[in-house]
Amino acid sequence: MIKSLKNNDVRSRLIQVGLATFAKRGYHGTGIKEIVDTAEIPKGSFYNYFKSKEEFGAEIIRCHSAEFWKNWHECFNTQEINPV
């Protein structure tokens, strides 16, 4: 699968799978092997994108937070709110 994905796609896939797996099993209950197996990416490739599980976890939080705030701001954009 990895050969058909570009670098950003592999990184995004790891983050998506990591978020879902951490949500299901928790950070400490999830191993890198489970993440790469689910993402169908070789384990060695994981370390091309992240130095450690800790760095990976921090990046998941950063990406998830950025998406949350983007959605939050879109929902409360005052230009789009119709007064009652």
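Owing to the predicted nature of the structure, the values given are computational and were not obtained by experimental measurement.

Q: Quick question: what am I supposed to make of the overall build of the protein chain here?
A: Check the secondary structure of the protein chain and you find 4 helices and 0 strands. Counting from the amino terminus, the protein chain carries its helices and strands in the arrangement α-α-α-α. Expressed as a percentage of the 84 residues in the protein chain, the buried residues total 26%. Taking contacts inside the protein chain between residues at least 6 apart in sequence as the whole, the part at least 24 apart equals 56%. In the form shown here, the protein chain has an accessible surface area of approximately 6,200 Å², with 55% of it arising from carbon and sulfur atoms.

Q: Sorry if this is basic, but what is going on with the confidence of the model for the protein chain here?
A: Keep in mind that low pLDDT regions are not for reading the predicted coordinates in detail. When the pLDDT values of the protein chain are averaged, the result is 85; 85% of them are 70 or greater. For the protein chain, the element scoring lowest by mean pLDDT is helix H4 (residues 53–75), at 84; helix H2 (residues 32–39) scores highest, at 96.

Q: Would you take a moment to explain the environment of Leu19 for this structure?
A: Note that Leu19 resides in helix H1 (residues 7–25). The class of Leu19 is partly exposed, set by a relative accessible area of 34%. Considered as a pair, Leu19 and Ile61 are 42 residues apart in the sequence and their alpha carbons are 8.4 Å apart. Setting aside residues up to four positions removed in sequence, Leu19 forms contacts with Ile60 and His64.

Q: Just checking my understanding: could you explain the packing of H1 against H2 for this structure?
A: To characterise two packed helices, one gives the angle between the axes of the helices and the distance between these axes. Put simply, H1 and H2 touch, their axes get as near as 9 Å, and they point 125 degrees apart. In terms of axis orientation, H1 runs oblique to H2. Judged by the sense of rotation from one axis to the other, the crossing of H1 with H2 is right-handed. Where H1 approaches H2, its residues Arg13, Leu14, Val17, Gly18, Thr21, Phe22 and Arg25 are matched on the opposing element by Glu34, Ile35, Val36, Thr38 and Ala39. Residue composition of the contact of H1 with H2, by class: 6 nonpolar, 3 polar and 3 charged.

Q: Please explain the side chain of Glu59 as it appears in this structure.
A: If you trace the backbone, Glu59 turns up in helix H4. Owing to a relative accessible area of 12%, Glu59 belongs among the buried residues under this scheme. There is a polar contact of 2.7 Å between the side chain of Glu59 and the side chain of Arg62. Among residues more than four places away in sequence, those in contact with Glu59 are Arg11, Ile15 and Phe50.

What counts and what doesn't
- Residues numbered from 1 in each chain as written.
- Predicted model: local features only at pLDDT ≥ 70, side-chain atom pairs only at ≥ 80, totals over all residues.
- Heavy atoms only, no water.
- Helix = DSSP H or I, 4+ residues; strand = E, 2+ residues; numbered from the N terminus.
- Buried < 20%, exposed > 50% of the residue type's maximum accessible area, 1.4 Å probe, protein only.
- Contact = heavy atoms within 4.5 Å.
- Areas by Shrake-Rupley, 256 points an atom, 1.4 Å probe, with all protein chains shown as cover.
- pLDDT = per-residue confidence, 0-100.
- Axes fitted to C-alpha atoms, helices over the stretch in contact; angles between N-to-C directions.
- Parallel < 35°, antiparallel > 145°, perpendicular 65-115°, else oblique.
- Left-handed = near helix turned anticlockwise from the far one by under 90°.
- Nonpolar A, V, L, I, M, F, W, Y, C, P; charged D, E, K, R; others polar.
- Polar contact = N/O pair within 3.5 Å; in protein donor to acceptor, adjacent residues only side chain to side chain.

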